[in-house]
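Chain residues, written in single-letter form:
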Amino acid sequence: MTVRVPAKVNLQLGVGPIRDDGYHGLVNVFHAVSLFDEVTAVHAERLEVRVQAAPYSRVDIGGVPTGDDNLAAKAAGLVAARLGVEPRVALRIRKAIPVAGGMAGGSADAAAALVACARLWDDRDDPALTRDDLMELGAEIGSDVPFAVLGGTAVGVGRGERLTSALTRGTFHWVFATAGGGLSTPAVYAECDRLREEQGEPPPRPGVSEELMTALATGDAKGLATALTNDLEPAALSLRPSLGRVLDAGRDLGAAGALVSGSGPTCAFLAETEEDAADLASALDGTGLAAQVLRASGPVPGATVV
Ligand code: ATP
């Protein structure tokens with residue numbers, strides 16, 4: 001059972017105050033883009049994970065665990081427990097999504113494993129676990145997992161896991177600049193808190209951007225470009241100042257919009273047309289500032305059996 005699953009970029013990442021449970025209140029507009037990992041689940045004696053870079057991808061898989069702490073393995077365990085079976089499955093993960101890049105690659109693999117294992121162990125026309133059930137299970141693994149099951153473009157509130165699909169029109173064209181070496185998501189949140197404390201201002205309570213929603217609904221790339229925001233960007237730039245040069249280079253080379261993707265260090269650039277994206281990608285590649293320059297479009301569907 002092979003499932004293909006997309007990366008995400010956050011079109012809006014609003015980070016509110018820390019809640020009583022220790023998480024930040026978030027407003028998150030997720031957008032699935034056409035950079036895919038693939039997870040294949042095969043019956044086996046015991047739970048095993050194998051990770052490789054996808055063909056033609058230069059993703060560095062060095063930091064990806066192959067034991068129980070791989071998020072796909074966690075997902076398989078949860079599905080097995082829910083279905084009352086033993087997690088006897090070999091998971092082969094082919095990665096094209098940058099690792100620790102702020103594009104939720106680990107969460108994507110977890111989502112793919114949820115869908116693949118649910119189908120492997122229960123192939124009835126009317127399976128016990130619905131897509132909604134899998135999204136709920138995914139939230140136990142991490143707040144980005146339900147979106148990787150759902151795909152498209154969606155607004156998440158709470159920890160980011162309560163999702164509502166957003167109305168969009170047409171296709172948006174993206175260029176991504178990856179960086180050598182990842183950024184840890186918890187470290188970026190901690191830096192965000194530190195910077196806010198230093199500034200002495202209470203964190204704003206974020207709300208969904210109307211401007212962003214209108215641009216999505218009308219397929220207005222220029223409008224979307226000006227509405228992109230990421231409250232984690234100052235923290236990512238503080239931890240990795242070189243990202244500022246990457247963002248500036250993309251803007252100088254004609255990107256309509258530029259921002260750090262999620263917790264970084266991948267930088268995302270929105271182009272007005274597919275042709276503009278191609279021109280921007282080759283120009284950005286020529287600067288030598290990025291480890292790798294990738295093109296993708298969105299929105300695309302979530303975890304899908306292939
Ligand atoms: P996010 O955007 O959700 O913050 P990210 O894209 O920054 O995530 P990931 O690629 O999801 O980061 O990986 C973060 C860490 O999770 C990795 O450094 C790795 O140790 C761990 N991890 C566990 N399972 C996986 C997996 N299947 N693929 C990648 N990383 C994994």
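Residues numbered from 1 in each chain as written. Predicted model: local features only at pLDDT ≥ 70, side-chain atom pairs only at ≥ 80, totals over all residues. Heavy atoms only, no water.

Further remarks concern the pattern of salt bridges. Enumeration according to the criterion identifies 11 salt bridges in this entry. Lys95 is paired through a salt bridge with Asp37; the nearest N and O atoms lie 2.6 Å apart. One end of the pair, Lys95, is in strand 4 (residues 89-95); the other, Asp37, is in strand 2 (residues 24-43), and 58 residues separate them in sequence. Classification of Asp37 by relative accessible area gives buried; the value is 0%. The partner of Glu274 in a salt bridge is Arg295, and the shortest N-O contact between them spans 4.0 Å. Note that Glu274 is positioned in helix 10 (residues 274-287) and Arg295 in strand 11 (residues 292-298), a separation of 21 residues in sequence. Taken together, the shared-partner salt bridges connect Asp37, Lys95 and Asp109 into one network. (Salt bridge = Lys/Arg side-chain N within 4 Å of Asp/Glu carboxyl O. Helix = DSSP H or I, 4+ residues; strand = E, 2+ residues; numbered from the N terminus. Buried < 20%, exposed > 50% of the residue type's maximum accessible area, 1.4 Å probe, protein only.)

The first and last C-alpha atoms of helix 10 sit 20 Å apart over 14 residues, in line with the 20 Å expected at 1.5 Å per residue. Ala277, Leu280, Ala281 and Leu284 are the residues of helix 10 that are buried. The buried residues of helix 10 occupy an angular sector of 105° when projected down its axis, which confines them to one face. Away from its buried face, by an angle of more than 90 degrees, helix 10 presents the exposed residues Glu275, Ser282 and Gly286. Each element contacted by the buried residues of helix 10 is listed here: strand 7 (172-178), helix 9 (242-252), strand 10 (267-271) and strand 11. Note on helix 10: the residue one or two positions beyond its end, Gly288, has a positive phi of about 70°. (Expected span 1.5 Å × (residues − 1). Arc of directions from axis to C-beta. Contact = heavy atoms within 4.5 Å.)

Leu11, Val79, Leu91, Trp174, Phe176 and Leu224 are the most contacted members of the largest nonpolar core, which has 64 residues in total. Among the elements that make up this core, the one with the highest residue count is helix 2 (residues 105-121) (12 residues). Taken domain by domain, the makeup of this core includes at least three residues from each of domain 1 (2-166) and domain 2 (172-298). The residues touching Leu224, leaving out its near neighbours within four places in the chain, are Leu11, Phe172, Leu212, Ala215, Leu216 and Leu270. Residues Leu183, Tyr189, Ala249 and Ala281 belong to the second largest nonpolar core, which totals 29 residues. (Core = buried A, V, L, I, M, F, W, Y, C linked by side-chain atoms within 4.5 Å. Domains from an automatic or database assignment.)

It is worth spelling out the domain arrangement of the protein at this point. Taken as a whole, the protein is organised into domain 1 (2-166) and domain 2 (172-298). In this structure, domain 1 and domain 2 have C-alpha centres spaced 22 Å apart. The interface of domain 1 with domain 2 comprises 32 residues on the first partner and 41 residues on the second. Around 2600 Å² of area is buried between domain 1 and domain 2 when both sides are counted, 63% of it from carbon and sulfur atoms. Summed over the three residues of domain 1 that lose the most area to domain 2, namely Leu11, Leu13 and Val15, the buried surface amounts to 21% of that side. Seen at the junction of domain 1 and domain 2, the total is zero salt bridges. For the pair domain 1 and domain 2, the number of links is 14 residue pairs in polar contact (both at pLDDT 80 or more). (Buried area = accessible area lost by both parts, 1.4 Å probe. Polar contact = N/O pair within 3.5 Å; in protein donor to acceptor, adjacent residues only side chain to side chain.)

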